[in-house]
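So you can see what is in the structure, the chains are spelled out below.
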Amino acid sequence: MPATAVRRLVRRTILPLTAPIGSVRSVRPNRDVAVLTYDDGPQPGGTERVLAALAEVGATATFFILVGRARRHPGLLADVIAAGHEVALHGINHVRLTQFPSAEVRRRTMDGRKELEDLAGQQVRWFRPPYGAQYPTTWAAIRSAGMASVVWSDEVQDWQDQPIPVIAARAARVRRGSVLLMHDGYADASDGVDDGPAPTFDRGELSRRILGDLAERGLHASSLGNALAGGRAVRGAWFRS
Ligand SMILES: [Zn+2]
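By convention here, each chain's residues receive numbers from 1 onward along its written sequence. It should be noted that, the model being predicted, local features are given only for residues of pLDDT at least 70 and side-chain atom pairs only at 80 or more, the latter also being counted only at that level, while totals for whole chains, interfaces and linings use all residues. Values reported for side chains reflect all heavy atoms of the structure, with hydrogen atoms and water molecules removed beforehand.

Engineer: How should the packing of helix α5 (residues 102-120) against helix α6 (residues 136-144) be read in this particular structure?
Structural biologist: Between two packed helices, the angle of one axis relative to the other and the distance separating the axes together describe the packing. All axes here are fitted lines through C-alpha atoms, helices being fitted over the stretch that makes contact, and every angle between N-to-C directions spans 0 to 180 degrees. Put simply, DSSP H or I for four residues or longer makes a helix, DSSP E for two residues or longer makes a strand, and each gets a number counted from the N terminus. At a minimum axis separation of 8 Å, α5 and α6 run at an interaxial angle of 40°. In terms of orientation, α5 and α6 fall into the oblique class. Pair α5 / α6 crosses with right-handed handedness. Contacts from Ser102, Val105, Arg106 and Thr109 in α5 reach Thr137, Thr138, Ala141, Ile142 and Ser144 in α6. Each residue is assigned to one class: nonpolar for Ala, Val, Leu, Ile, Met, Phe, Trp, Tyr, Cys and Pro, charged for Asp, Glu, Lys and Arg, and polar for all the others, Gly among them. Here the residues of the contact of α5 with α6 are counted per class, giving three nonpolar, five polar and one charged. Orientation categories follow fixed angle ranges, with anything under 35 degrees roughly parallel, anything over 145 roughly antiparallel, 65 to 115 roughly perpendicular, and all other angles oblique. Crossing handedness: left-handed means the near helix sits turned counterclockwise from the far one by under a right angle, and right-handed means the same turn made clockwise. Only heavy atoms matter for contacts: two residues are in contact if any of them lie within 4.5 Å across the pair.

Engineer: Would you take a moment to explain unusual backbone geometry for this structure?
Structural biologist: Peptide bonds are trans in most cases, and residues, glycine excluded, mostly fall at negative phi. The peptide bond linking Gly41 to Pro42 adopts the cis configuration, its omega dihedral lying at 0°. Looking at where Pro42 falls in the secondary structure, it is placed in the loop between β2 (33-41) and α2 (47-57). One non-glycine residue, Asp40, adopts positive backbone phi at about 75°. Its location among the elements puts Asp40 in strand β2.

Engineer: Explain the pattern of salt bridges to me, please; I cannot follow it from the model alone.
Structural biologist: When charged atoms on two side chains of opposite charge get close, those side chains can pair. Salt bridges are defined by distance alone: a side-chain nitrogen of Lys or Arg within 4 Å of a carboxyl oxygen of Asp or Glu. Under the defined criterion, the tally for this structure stands at 15 salt bridges. Arg69 is the salt-bridge partner of Asp188, the closest N and O atoms lying 3.7 Å from each other. A residue pair is termed long-range when its members are at least 10 positions apart, and Asp188 in the loop between β8 (179-183) and α8 (203-216) and Arg69 in helix α3 (residues 67-72) qualify at 119 residues. Partly exposed residues are those whose accessible area sits between 20% and 50% of the maximum for their type, while under 20% is buried and over 50% is exposed, using a 1.4 Å probe and protein chains only. A relative accessible area of 4% means that Arg69 is categorised as buried. Residues Asp191 and Arg69 are paired through a salt bridge, measuring 2.9 Å at the closest nitrogen-oxygen approach. Separated by 122 residues along the polypeptide, Asp191 in the loop between β8 and α8 and Arg69 in helix α3 bring together distant segments of the chain. Here Asp191 and Arg69 have matching classes, each one buried.

Engineer: Teacher, can you tell me more about the coordination of the zinc ion here?
Structural biologist: Four donors placed tetrahedrally around a metal ideally meet at 109.5 degrees, and six donors placed octahedrally ideally meet at 90 or 180 degrees. Coordination of the zinc ion by the protein involves Asp40 (OD), His90 (NE2) and His94 (NE2), with metal-donor separations of 2.1 Å. All donors to the zinc ion come from one chain, and their sequence spacing reads D-x49-H-x3-H. Of this pair, Asp40 sits in strand β2 while His94 sits in the loop between β4 (86-91) and α5, placing them 54 residues apart in sequence. Residue classification places His94 among the buried positions, given a relative accessible area of 4%. Note that water is not among the atoms considered, so a metal site may appear incomplete; the donors listed are N, O and S atoms within 2.8 Å of the metal, with 3.2 Å applied to Na, K and Ca.

Engineer: Whenever I open this one, empty space enclosed by the protein confuses me. Can you help?
Structural biologist: Empty space among the atoms becomes visible once a probe the size of a water molecule is rolled across them. Space inside and on the surface of the protein is sampled on a 1 Å grid over the protein atoms alone, with a cavity defined as a set of points where a 1.4 Å probe fits but cannot get out and a pocket as an open set with protein on both sides within 12 Å along at least 5 of 7 lines; lining residues have an atom within 4 Å of a point. Grid points are joined across faces, edges and corners, and a volume is the space filled by probe spheres set on the points. Going through the model one piece at a time under the given rule, you end up with one cavity of 30 Å³ or more. Estimated volume of the largest cavity: approximately 70 Å³. Along its surface, the largest cavity is lined by Leu89, His90, Gly91, Ile92, Asn93, Val95, Leu97, Arg108, Thr109, Phe127 and Pro130. Where the lining of the largest cavity is concerned, the elements lending two or more residues are β4 and α5. Ranked by the residues each element gives to the lining of the largest cavity, the list is headed by β4, at three residues. The residue inventory of the lining of the largest cavity, partitioned by class, reads six nonpolar, four polar and one charged.

Engineer: Just checking my understanding: could you explain the nonpolar core for this structure?
Structural biologist: Burial of nonpolar side chains together is a common tendency in soluble globular proteins. Among buried residues, the Ala, Val, Leu, Ile, Met, Phe, Trp, Tyr and Cys ones that are joined through side-chain atoms within 4.5 Å form a nonpolar core. If you look at the biggest cluster of nonpolar residues, it comprises 41 residues, and the most contacted ones within it are Leu36, Leu54, Phe63 and Ile210. Once residues within four sequence positions are removed from consideration, Leu36 is found in contact with Leu54, Ala61, Thr62, Leu180, Met182, Leu211, Ala221 and Ser222. Among the nonpolar cores identified, the runner-up in size contains 18 residues, and Val27, Val35, Trp126 and Ala227 belong to it.

Engineer: Would you mind showing me how to read α5 here?
Structural biologist: Note that an α-helix has 3.6 residues per turn; residues three or four places apart therefore point the same way. With 19 residues, α5 extends 26 Å from end C-alpha to end C-alpha; this agrees with the ideal 27 Å at 1.5 Å per step. Restricting attention to buried positions, one finds in α5 the residues Val105, Arg106, Arg108, Thr109, Gly112, Arg113, Leu116, Glu117 and Ala120. Taken end-on, α5 shows its buried residues confined to a sector of 165°, consistent with a single buried face. Facing away from the buried side of α5, by more than 90 degrees, are the exposed residues Ala103, Lys114 and Asp118. Following α5 by one or two positions, Gly121 has its phi on the positive side, about 70°. By definition here, a helix of n residues has an expected span of 1.5 Å times n minus one. Arc definition: it is the arc formed by the directions from the helix axis to the C-beta atoms.

Engineer: Sorry if this is basic, but what is going on with the side chain of Ser207 here?
Structural biologist: Relative to the assigned elements, Ser207 resides in helix α8. Apart from the residues lying within four places of it in its own chain, the contact partners of Ser207 are Tyr38, Val50, Ala53 and Met182.

As far as function goes, none of this settles anything; it's purely spatial.
Here it is in structure tokens:
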């Protein structure tokens, strides 16, 4: 068997077996931090406002980027990076991966990673499947593409158009080490999906409010990568269609 074929066999079969099992759901940090994650951007009108709110308190976050959007808004991706935030992959577009066979999931994940790394000029290691939708086979395909699946422990349901105080109140359960799902964009037809009209509230204002509430409870907001410096990831089984 040629060396390249052996390497491919190892990468596809052995490495996924030796990697940590499960998806990252929270962290065990060595300081009082909660992880903020923002999905579905970059989006004009959303991303800049979120960046401004984070900058006001010196917080970092992890942005799960849609590659098609990064292609259309490279300036916003550059702003995310310049502000010291972490760039992660949310997909080429926002379609559910559970509809695809493993080989297709793997191909899409590898292609998305390569293009995002080219656009961002840095390595990308985290992947969050759209809607958190993954089967065990999807998870394995993501892992065989060299990426770690990251889901979340807390959400504020900021895909609904509700008053900011109502949405922000759902962050009351966030604790040290929680991974909070938020959004700086809203996936639409340009991302291959139809989830109805986008909410109209100010995403910067929502972030500002949640950051303030966290600070009152002694919690600083951090990107996943920063929270894991000196801490460790808590993984668990996470499967949904
Ligand atoms: Zn999403």
